[in-house]
Amino acid sequence: MKKVCGICLALIWIAALTTQLGAQNISTGDANASKRAIAEREPPLFLNHTVPLEGVKGRFDHFGTGGGKLFVAELGNNSVAVINSTGMALERTITGVPNPQGVTFSPEANKLFVASGTAQKLYIYDGTSFDLITSLDFPGGADNLRYDKATKRVYVGCGQDAQTGAIVAVDAMTNQRLEEYKVGGEPESFQLEAKGPNIYVNLEQEAEVAVINRTTKAITKWPLTGVKMNFPMALDEPDHRLFIGTMSPARLVVVDTSSGHMVSVLPSVKWTDDLWYDGARKRIYMTGAEGFVYVFEMKDPNHYQLLSKVPTAVGAATSGYFGGASRKGIDTLYVAVPARGSESAEIRFYGTSD
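Quick look at the structure, then. (Residues numbered from 1 in each chain as written. Predicted model: local features only at pLDDT ≥ 70, side-chain atom pairs only at ≥ 80, totals over all residues. Heavy atoms only, no water.)

**Some remarks on the sheet that holds strand β10 (residues 142–148)**
Heads up, the condition is: Two strands qualify as a pair provided DSSP detects at least 2 bridges between them. The numbering of helices and of strands both runs from the N terminus, where a helix is a DSSP run of H or I of at least 4 residues and a strand a run of E of at least 2. Angles shown run from 0 to 180 degrees and are taken between the N-to-C directions of axes, each axis being a line fitted to C-alpha atoms and, for helices, limited to the stretch in contact.
An order of β10-β11-β12-β13 is seen for the four strands of this open sheet, with the pairing classed as antiparallel. Since the sheet does not close on itself, it has two edges, and those belong to β10 and β13 (177–182), each with one partner. Mean inter-strand twist for the sheet, computed between neighbouring axes without regard to direction, equals 20°. Where strand β11 (residues 153–158) lies against strand β12 (residues 166–171), six bridges are found, and the strand directions are antiparallel. From the neighbouring strand, Cys158 faces β12, where its bridge partner is Ala166.

**Comments concerning the pairing of strand β28 (residues 345–352)**
For a regular strand, side-chain orientation follows a simple rule: the groups alternate between the two sheet faces. Going by this rule: Each residue gets one of three labels from its accessible area relative to the maximum for its type: buried under 20%, exposed over 50%, partly exposed in between, using a 1.4 Å probe on protein chains only.
Most of β28 is tucked away: eight of the eight residues are buried. Of the two faces of β28, the one lined by Ala345, Ile347, Phe349 and Gly351 and the one lined by Glu346, Arg348, Tyr350 and Thr352 are each fully buried. As judged from the six bridges shared by strand β27 (residues 332–337) and β28, these two strands associate in the antiparallel manner. Across the sheet, Tyr334 pairs through a bridge with Phe349, a residue of β28.

**Thoughts on the sheet that holds strand β2 (residues 63–66)**
In spatial order, the strands read β2-β3-β4-β5; together these four strands make up an open sheet with antiparallel pairing. Strands at the two margins of the open sheet, each flanked by one partner only, are β2 and β5 (89–95). Going across the sheet, the axis of each strand differs from the next one's by a mean of 25°, ignoring polarity. As judged from the four bridges shared by β2 and strand β3 (residues 69–74), these two strands associate in the antiparallel manner. Within β3, the residue paired with Gly66 across the bridge is Lys69.

**Details of the layout of surface pockets**
In plain terms, the rule: Put plainly, a pocket is an open set of points on a 1 Å grid over the protein atoms alone with protein on both sides within 12 Å along at least five of seven lines, a cavity is a set where a 1.4 Å probe fits but cannot get out, and a lining residue has an atom within 4 Å of a point. Grid points are joined across faces, edges and corners, and a volume is the space filled by probe spheres set on the points. In this count, Pro and Cys sit with the nonpolar residues alongside Ala, Val, Leu, Ile, Met, Phe, Trp and Tyr, while Asp, Glu, Lys and Arg are called charged and the others, Gly among them, polar.
Empty space within the largest pocket amounts to approximately 1,600 Å³. Around the largest pocket, the lining comprises 50 residues; the ones closest to its centre are Arg146, Tyr147, Gln191, Leu192 and Tyr321. Looking at the lining of the largest pocket, the elements with two or more residues in it are β2, β6 (100–106), β10, β14 (187–192), β18 (228–236) and β22 (272–278). Looking at side-chain class alone, the lining of the largest pocket contains 22 nonpolar, 14 polar and 14 charged residues.

**A short note on the pattern of salt bridges**
Counted only if it meets this: We count a salt bridge whenever a side-chain nitrogen from Lys or Arg sits within 4 Å of a carboxyl oxygen from Asp or Glu.
The final tally for this structure, using the stated rule, is 17 salt bridges. With a closest N to O distance of 3.7 Å, Glu91 and Lys69 form a salt bridge. In this pair, Glu91 sits in strand β5 while Lys69 sits in strand β3, placing the two residues 22 residues apart along the sequence. On the basis of relative accessibility, which here comes to 38%, the residue Glu91 falls in the partly exposed class. Overlapping salt bridges bring together Asp278, Arg281, Asp331 and Asp354 as one network.

What follows is the structure, given as structure tokens:
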């Protein structure tokens, strides 16, 4: 999320603390009844583990997983944390990565891919030794990454303007650049259809969603009305719904992928950087630097409600969720908490409740 890199975190945290302290003063009728109903339900997330990251400074960016590991882009620290997701402990740190942003893992190639905006490169590491294999240049910088297991391709969101903004495919097995889709702006979060040809791309500067058809190569644009700064995105492919987080104002936007129309807009957590769809529970998890995870529940594809506001920590905007679409049981939402004062940075593991 390049545009937010320049925001002073101290100011965000002060504002977020003010929001938290002032929230208790917002009351009247329906709002209080709604809060009581939410409070009486079992929390949909519970904290069950924490991994401290001693000495890690600055903000975090995106998460990745694979090979029994959790990968965390420590953007402000120029490093990537490698956490053993079985032992739930820090295993190693990959250093010397200028402002890492997107991370993804290919089990088939046994490689870790890390995007850097400032170095304008995609770094490719061996998935066992984590030695650097090679790097690819991406003018304008590389940010979000997605892996398509079916084609063994890594999709790279790159560029910073109408000329360089694109989604580029890279062959995970050969490290070769493949097709490139110019989207006419800087791409933020994007999602791939697993059973269809489309790629949905947030264009934050334009307040639009670009839709790439990988079969026909056609690109269409869907405008977002009444909202701006659309950064995170998640996809519910079976129900044809796209979930988008915006900052101005703070909203969860639901878009029908069959038509491109906005079907629902709900108030959401402030300063969001990640949101995730839990298909098994029909829930959306949305993290924000305000210091909460907002958990929304789907009643049906056109109707959603706020289920809970789970407290985290001020500045905890980024997260990762890699649960299944139909499997129940306990999954994990990983939340990155930056260092604050004398407290070290940490990754929190929140278990899901059915």
